[in-house]
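The chain contents come next:
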2 protein chains.
Amino acid sequence: MVSENQLQTIERWGVFELSLSGPEDGNPFVEVQLQARFQHTTTTRTVTVEGFYDGNGAYKARFMPDAEGEWSFTVKSGCSELDGAAGHFLCTAPSADNHGPVRVKDADHFGYEDGSKYRPIGTTCYAWTHQSDMLQEQTLQSLADSPFNKIRMCLFPKRYSFNTNEPERFPFEGSREEGFQWTRFNPEYFHRLEKRLVELQQLGIEADLILFHPYDKGHWGFDRMDRDTDLLYLRYVINRLAAFRNVWWSLANEFDFMSNKTMDDWDCFFQFIQEKDPYGHLRSIHNGTKMYDPSQLVLYDHTKPWVTHVSMQYWELSPVTAWRSRYGKPVVVDECCYEGNLPQRWGNITGEDMAARFWEGFARGGYVGHGETFLHPEDVIWWSKGGRLHGESVPRIAFLQRILDELSVEAAPLEAFRDVPTIGVAGVCYLQYYGNHRPAYRELPLPEDASFQIDIIDTWSMEIQTLEGLYSGISRVELPGRPYLAVRARLAT
Amino acid sequence: MVSENQLQTIERWGVFELSLSGPEDGNPFVEVQLQARFQHTTTTRTVTVEGFYDGNGAYKARFMPDAEGEWSFTVKSGCSELDGAAGHFLCTAPSADNHGPVRVKDADHFGYEDGSKYRPIGTTCYAWTHQSDMLQEQTLQSLADSPFNKIRMCLFPKRYSFNTNEPERFPFEGSREEGFQWTRFNPEYFHRLEKRLVELQQLGIEADLILFHPYDKGHWGFDRMDRDTDLLYLRYVINRLAAFRNVWWSLANEFDFMSNKTMDDWDCFFQFIQEKDPYGHLRSIHNGTKMYDPSQLVLYDHTKPWVTHVSMQYWELSPVTAWRSRYGKPVVVDECCYEGNLPQRWGNITGEDMAARFWEGFARGGYVGHGETFLHPEDVIWWSKGGRLHGESVPRIAFLQRILDELSVEAAPLEAFRDVPTIGVAGVCYLQYYGNHRPAYRELPLPEDASFQIDIIDTWSMEIQTLEGLYSGISRVELPGRPYLAVRARLAT
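Residues numbered from 1 in each chain as written. Chains lettered and ligands numbered in written order. Predicted model: local features only at pLDDT ≥ 70, side-chain atom pairs only at ≥ 80, totals over all residues. Heavy atoms only, no water.

Looking at an unreviewed UniProt entry, chain A carries the name DUF5060 domain-containing protein, with the source organism given as Paenibacillus vulneris.

In structure tokens form, the structure reads like this:
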């Protein structure tokens, strides 16, 4: 026994990192394996994690403890220099802003593991960690000033319209010119990524990590690696990153546009991650769309048990209602076009439209993701490289967040309101959104035996007009007859 | 032989009406049958039509001749007073504005039988012929001042929100209070309707006659007649109205909301009409929608051979592309919500939205129908009762019509332009519509070996800005970055 003050302390859901020295010769990335078995000393609960080679003879094993108290560990390895290492650490209470990883809660909502509320308000900066340090810092500052608490980002670099700058580092060792070494990773790439993951964590932002994507087309070849290389990559990524509590696994962006992968590949990757990730981080897969033809939409079967939530690209939010019912899982429409002015159809909707898509998605019980694509003289476009936000929707998204926060936490779509998306808790609170429709009035069927305060909310000007008096029973609300209005009724206290 | 100047003359596609006197006793509507066989004397072509009882001992047979020259006819009937009647008439050239009935042309377009162009620009006034004479006259005046050349209208009266006034006459004899006589029709109802059909004809407007609809719910019972009564009604309607060249048969409005009818009923009615109508007028059927759930859309199988064109209710126009390809028939989205301010979701879109739906539908090679639903102190709402138009979309629809007229007549969707709806004739003319998207620029891939004039069209302000100079090859067009723009390129002459 050692006394408590001698032990290394790690807060609950923090990262305990064990570092060992070992051989540098050969290819340690594939030739050396190590496993660390962590045991909670009071409950005898055990978690086994795989270590990874971090270059320069350093071997590491990371562990995210989910219970306070003392944990012990022992290392097993075929390499005698690593085998048998052992120790203890003390898991302390989480700090104020640490609520643990995000989990699916009540079938179709999310929540932090500590039970506190989490409502994803996401944005997209696919390749922000592949840009200059200065630009990455600017992106972090923009995120800090924003309402966003989730970001979609790619591990592999991106080559696409407006994305032609080569990154400095890649997940694999090597370069495009000299070729990549498909069994050796680049620890420096991961060190820099991990720094950003921690910085996101400090901002309260979940990192929805996109593991594969089609924006390569053989330029580097990360979109056409063979199955063994794919799995080696996934294993290395999981061993390094799963201990960060704010990690989500997005198997792919526009998976259906990756012509070198099959449905069987995606099933295999999902199951592999499910098996290898000791913490059960959220797992999803994001579809492409042919914007000109909804009949060509190719969807992964989100009912499969390894999919934790639905990640959808679609330009209309009305199907959220059907998807919630079909899949019985949280529905995140994390791409619904981008606010901007690109020539491409997916990248030139107005701020009004983006804000309206957020309101409709949330009013249907789903979650919506933001993105921005304004032409920029140096192609610094938020959707891909980060930088600064230029659009008009972000303050409206923050306003929506405030309105949702003011509802009861149990707010859910109210089936009785069939023709207009409405969330709330029957008899307690109602929030109804009209979108680009403009009724001259609406009748709200409030309970007869209670009194409600009614607000007319202009979701674009962000003004709230509270009606005089209190309302009960079927209540006619006269509306100003313009688009983008919502009505809220709350039990008078 | 009689000399030409002694013969009655009827213009081609006019109505020749044979009138005979017969018995008044019993129930002549069902007890007396007559058939008239018309023969074109130079080609020996024959057409047999069924007559009908018009009340007060009058029996009539109507015939729409489709060939100029002399026609002879003979009557056959089990009733000796009618049997054996015979005669001749002379079919003359059609008058200037008479182009014959509308037909499907080139698989997915429409055209008049004389070969001249017909592009449906429709509106909806379901129950306009069930209103006061004064209101009907006002509706006709509004139509005369409008761009519309098709109107959707119901034969049965309508009972619905904002539609509670009882009509003066019904297709059947009797009344709601005293009951209807399900084997006796009301000739006076039909005389008045036929007057309106002729007036529409004079305005160049096709009458898309809705034969059944659900807006009754047993109030009168026209939505729940038995099969025999349905067929008796259809037969009487065909015998009276098929000779009017501007008649289309719309089997039902929101057929799927008629809970007393089955798919088999609709198949039966379609086949019955196909068999009984000697002129093959256009036949379609219109679906309802659950506006809150696209997955609940119930569509009739428009590939069935008796369906001449697709009549669709849907609030989005992007599926037009898929429907054209699925059905291989003209696609008319004759209900895409209504411009107005009703509390109901289907009845409160903005003028901008209605105009945008028209532009998108036409730019995808489909046809779109208009409707208007503004609250009115006496519930005189265009969509149902007619009256005056109050919205902002109608001048924009007329402007769209002008722009389409200025394209080559062979304009069709151009498959090469996949991300933005574009119609035209490759190498000759292009019309591309951006809707509520707002690209800062677009590149038009024009042929290298020809010169084009390019216009930027503001579909809302109805302004056309012609760019300086001529363009060839890939041509970058800078756009003002606001919604509702179109770009047109035409071969410079």
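So, the overall build of chain A
Going by this rule: Only DSSP runs of H or I covering at least 4 residues are called helices, and only runs of E covering at least 2 are called strands; the numbering of each starts at the N terminus. Put simply, the radius of gyration uses C-alpha atoms, and a globule should come to 2.2 Å times the residue count raised to 0.38. Buried residues are those whose accessible area, probed at 1.4 Å on protein chains only, stays under 20% of the maximum for their type, while exposed residues exceed 50% and partly exposed ones sit between those limits. Contacts are assigned to residue pairs with any non-hydrogen atoms lying within 4.5 Å of each other. Shrake-Rupley sampling with a 1.4 Å probe provides the accessible areas, and residues are treated as covered by the protein chains on show and by no other component.
If you tally the helices and strands in chain A, you get nine helices and 30 strands. Expected size for 493 residues packed as a compact globule is a radius of gyration near 23 Å; at 24 Å, chain A falls within 12% of this value. For the C-alpha atoms alone, the extent of chain A along its principal axes is close to 80 × 55 × 40 Å. Relative to its 493 residues, chain A shows a buried fraction of 62%. Relative to all contacts within chain A whose residues are 6 or more apart in sequence, the contacts with residues 24 or more apart total 69%. Carbon and sulfur atoms make up 46% of the accessible area of chain A, which totals about 18,600 Å².

As for the UniProt feature "domain: DUF5060" (unreviewed entry) in chain A
This is how the line gets drawn: UniProt positions are given in the numbering used here, feature names are shortened, and annotations may be inferred rather than shown by experiment.
Taking the numbering used here, the UniProt-annotated feature "domain: DUF5060" (unreviewed entry) corresponds to residues 9-77 of chain A. Helix makes up 6% of residues 9-77 of chain A and strand 55%, with an end-to-end C-alpha separation of 25 Å.

Some points on the pattern of salt bridges
Rules: A side-chain nitrogen of Lys or Arg and a carboxyl oxygen of Asp or Glu constitute a salt bridge if their distance falls within 4 Å.
Throughout the structure, instances matching the rule amount to 78 salt bridges over all chains. Between Asp-133 of chain B and Arg-196 of chain B there is a salt bridge, and its shortest N-O distance comes to 3.7 Å. A residue pair is termed long-range when its members are at least 10 positions apart, and Asp-133 of chain B in helix H2 (residues 133-144) and Arg-196 of chain B in helix H3 (residues 187-202) qualify at 63 residues. The exposure class assigned to Arg-196 of chain B is buried, which follows from its relative accessible area of 3%. Ionic pairing is found between Glu-194 of chain B and Arg-240 of chain B, a salt bridge with its closest N-O pair at 2.6 Å. Taken as a pair, Glu-194 of chain B in helix H3 and Arg-240 of chain B in helix H4 (residues 227-241) lie far apart in primary sequence, 46 residues in all. The exposure class assigned to Arg-240 of chain B is buried, which follows from its relative accessible area of 0%. Put simply, Asp-133, Glu-137, Glu-188, Arg-192, Lys-195, Arg-196 and Glu-199 of chain A are held in one network by salt bridges that share partners.

Observations regarding the sheet that holds strand S16 (residues 247-252) of chain A
All names here are of chain A. As a reminder, the rule being used: We call two strands paired when DSSP finds no fewer than two bridges between them.
Taken together, five strands build an open sheet; the order of strands is S11-S12-S15-S16-S17 and the sheet is parallel. Unpaired on one side and paired on the other, strand S11 (122-124) and strand S17 (283-284) mark the two borders of the sheet. Pairing of strand S12 (residues 150-154) with strand S15 (residues 206-212) involves five bridges; the strand directions are parallel. The partner of Met-153 across the bridge, within S15, is Leu-209.

Looking at the interface of chain A and chain B
Inclusion rule: Buried area counts how much accessible surface, traced with a 1.4 Å probe, disappears from two parts once they are put together, with both parts' losses summed. Residues adjacent in sequence count toward polar contacts only when both atoms are side-chain atoms; beyond that, a polar contact is any pair of N or O atoms within 3.5 Å, and within protein one must be able to donate a hydrogen and the other to accept it. Three categories are distinguished: nonpolar for Ala, Val, Leu, Ile, Met, Phe, Trp, Tyr, Cys and Pro, charged for Asp, Glu, Lys and Arg, and polar for the others, with Gly belonging to the last.
Each side of the interface is counted separately: chain A has 40 residues, and chain B has 40 residues. When chain A packs against chain B, close to 3,300 Å² is buried across both sides, 48% of that on carbon and sulfur atoms. Across the chain A-chain B interface, the total number found is zero salt bridges. Where chain A meets chain B, there are 20 residue pairs in polar contact (both at pLDDT 80 or more). Elements supplying a minimum of two residues to the side of chain A that touches chain B: helix H6 (320-327), strand S20 (339-340), helix H7 (351-363) and strand S26 (441-445) of chain A. Looking at the side of chain A that touches chain B residue by residue, the class counts come to 19 nonpolar, 10 polar and 11 charged.

Details of helix H9 (residues 393-405) of chain B
Heads up, the rule is: Residue count minus one, scaled by 1.5 Å, sets the expected span of a helix.
Look at H9 of chain B: 18 Å from first C-alpha to last across 13 residues, which is about the 18 Å you get at 1.5 Å a residue. Taken together, the buried positions of H9 of chain B are occupied by Ser-393, Val-394, Arg-396, Ile-397, Phe-399, Leu-400, Gln-401, Ile-403 and Leu-404 of chain B.

Observations concerning the relation of the copies chain A and chain B
Let me state the cut-off plainly: The atoms used to superpose the copies are C-alpha atoms, taken from residues with pLDDT of at least 70 in both, and the fit is least squares.
Overlaying chain A with chain B gives an RMSD of 0.0 Å, the required rotation being 180° about an axis along which the chain moves by 0.0 Å. Those values place the two copies in the arrangement expected of a two-fold rotation axis. Residue Glu-316 of chain A of chain A places its C-alpha closer to the rotation axis than any other residue of that unit, at 4.7 Å. Counting the interface residues of chain A, we find that 98% of their copies in chain B are interface residues as well, pointing to one common contact surface.

A word on the packing of aromatic side chains
Applicable threshold: Ring pairs are drawn from Phe, Tyr and Trp, using the six-membered ring of Trp, whenever the two centres fall within 6.5 Å, and their geometry is named by plane angle: stacked under 30 degrees, edge-to-face over 60, tilted for the rest. By definition here, charges over rings are those cases where NZ of Lys or CZ of Arg is within 6 Å of the ring centre and within 35 degrees of the ring normal.
This model, assessed by the stated rule, comprises 112 aromatic pairs over all chains. Both rings, one in Tyr-118 of chain B and one in Trp-248 of chain B, keep their centres 6.1 Å apart while their planes meet at 70°; by these two values the pair is edge-to-face. In this pair, Tyr-118 of chain B sits in the loop between strand S10 (109-112) and strand S11 (122-124) while Trp-248 of chain B sits in strand S16 (residues 247-252), placing the two residues 130 residues apart along the sequence. Lying across the ring of Tyr-215 of chain A, Lys-158 of chain A places its NZ or CZ 5.5 Å from the centre. Directly above the aromatic system of Trp-460 of chain A lies the positively charged group of Arg-396 of chain A, at a separation of 3.7 Å from the ring centroid.

Overview of the nonpolar core
In plain terms, the rule: The set of buried Ala, Val, Leu, Ile, Met, Phe, Trp, Tyr and Cys residues whose side-chain atoms join them within 4.5 Å is what this entry labels a nonpolar core.
Counting 80 residues, the largest nonpolar core has Phe-212, Tyr-233, Leu-241, Trp-249 and Trp-266 of chain A as the members making the most contacts within it. Considering every element that reaches this core, the biggest residue donor is helix H4 (residues 227-241) of chain A, with seven residues.

Thoughts on the environment of Asp-145 of chain B
With respect to the helices and strands, Asp-145 of chain B occurs in the loop between H2 and strand S12 (150-154). Between the C-alpha atoms of Asp-145 of chain B and Pro-483 of chain B, which are 338 residues apart in sequence, the distance is 28 Å.

Side note on the packing of H2 of chain B against H3 of chain B
Residues and elements named next belong to chain B. Put simply, the rule reads: Every axis in this analysis is a line fitted to C-alpha atoms, fitted for helices over the stretch in contact. Angles between the N-to-C directions lie between 0 and 180 degrees. An angle counts as roughly parallel when it lies under 35 degrees, as roughly antiparallel when it exceeds 145, as roughly perpendicular when it falls between 65 and 115, and as oblique in every other case. For any pair of crossing helices, the crossing counts as left-handed if the nearer helix is rotated counterclockwise from the farther one by less than a right angle, and right-handed if it is rotated clockwise.
Their axes nearest at 11 Å, the elements H2 and H3 cross at an angle of 15°. For the element pair H2 / H3, the angle class is roughly parallel. In the packing of H2 onto H3, the handedness of the crossing is right-handed. Between H2, through Asp-133, Gln-136, Glu-137, Leu-140 and Leu-143, and H3, the contact on the second element is made entirely by Arg-192, Lys-195, Arg-196, Glu-199 and Leu-200. The class makeup of the residues in the contact of H2 with H3 is three nonpolar, one polar and six charged.

Quick word on the environment of Gly-218 of chain B
Residue and element names in this part refer to chain B. Among the secondary structure elements, Gly-218 is positioned in the loop between strand S15 (206-212) and H4. Exposure remark for Gly-218: the relative accessible area of 33% places this residue in the partly exposed category. For the pair Gly-218 and Arg-159, spaced 59 residues apart in sequence, the C-alpha separation works out to 9.8 Å. Excluding residues that lie within four positions of it along the chain, Gly-218 makes contacts with Asp-223 and Arg-224.

So, the pairing of strand S24 (residues 422-425) of chain A
Residues and elements named next belong to chain A. Bridge count for strand S23 (residues 412-413) against S24 is two bridges, and the pairing is antiparallel. Paired with Pro-413 across the two strands is Ile-423, which belongs to S24. The loop that links S24 with its antiparallel partner strand S25 (residues 429-433) comprises three residues; one of these, Gly-427, has a positive phi angle of about 85°.

What to know about the sheet that holds strand S1 (residues 9-11) of chain B
Residues and elements named next belong to chain B. In space, the five strands of this open sheet follow the order S1-S8-S7-S3-S4, with mixed pairing throughout. Strands at the two margins of the open sheet, each flanked by one partner only, are S1 and strand S4 (46-50). Averaged over all adjacent pairs, the angle separating strand axes in this sheet is 30°, with direction ignored. When S1 meets strand S8 (residues 86-92), the two strands line up parallel, connected through three bridges.

Observations regarding helix H6 (residues 320-327) of chain B
Residues and elements named next belong to chain B. Listed as buried for H6 are Val-320, Ala-322, Trp-323, Arg-324 and Tyr-327. Those residues of H6 hidden inside the fold are in contact with strand S18 (310-313), strand S19 (331-335), helix H7 (351-363) and strand S23 (412-413). Directly after H6, the chain includes Gly-328, whose backbone phi takes a positive value near 60°.

A closer look at the pairing of S15 of chain A
Residue and element names in this part refer to chain A. Applied cut-off: Handedness of a crossover is defined as follows: orient the strands so they point away from the viewer, and if the path from the first strand over the helix to the second runs clockwise, the crossover is right-handed.
For S15, the buried fraction is high: seven of the seven residues fall into the buried class. Strand direction decides the pairing type here: S15 and S16, joined by five bridges, are parallel. When the sheet's bridge partners are listed, Asp-208 is paired in S16 with Trp-248. Tracing the backbone out of S15, into H4 and back to the parallel element S16 gives a crossover that is right-handed.

Focus on a negative patch on the surface
Our working definition: Each patch is built from residues lacking any salt bridge and having more than 30% relative accessible area; the joining distance is 9 Å for like charges and 5 Å for nonpolar side chains (Val, Leu, Ile, Met, Phe, Trp, Tyr). Neither His nor the chain termini are counted; the positive set is Lys and Arg, and the negative set is Asp and Glu. Every charge is mapped onto a representative atom, which is NZ of Lys, CZ of Arg, CG of Asp or CD of Glu.
A surface patch of like charges, here negative, comprises Glu-24, Asp-25, Glu-31 and Glu-81 of chain A. Relative to the helices and strands, Asp-25 of chain A is located in the loop between strand S2 (16-21) and helix H1 (28-31).

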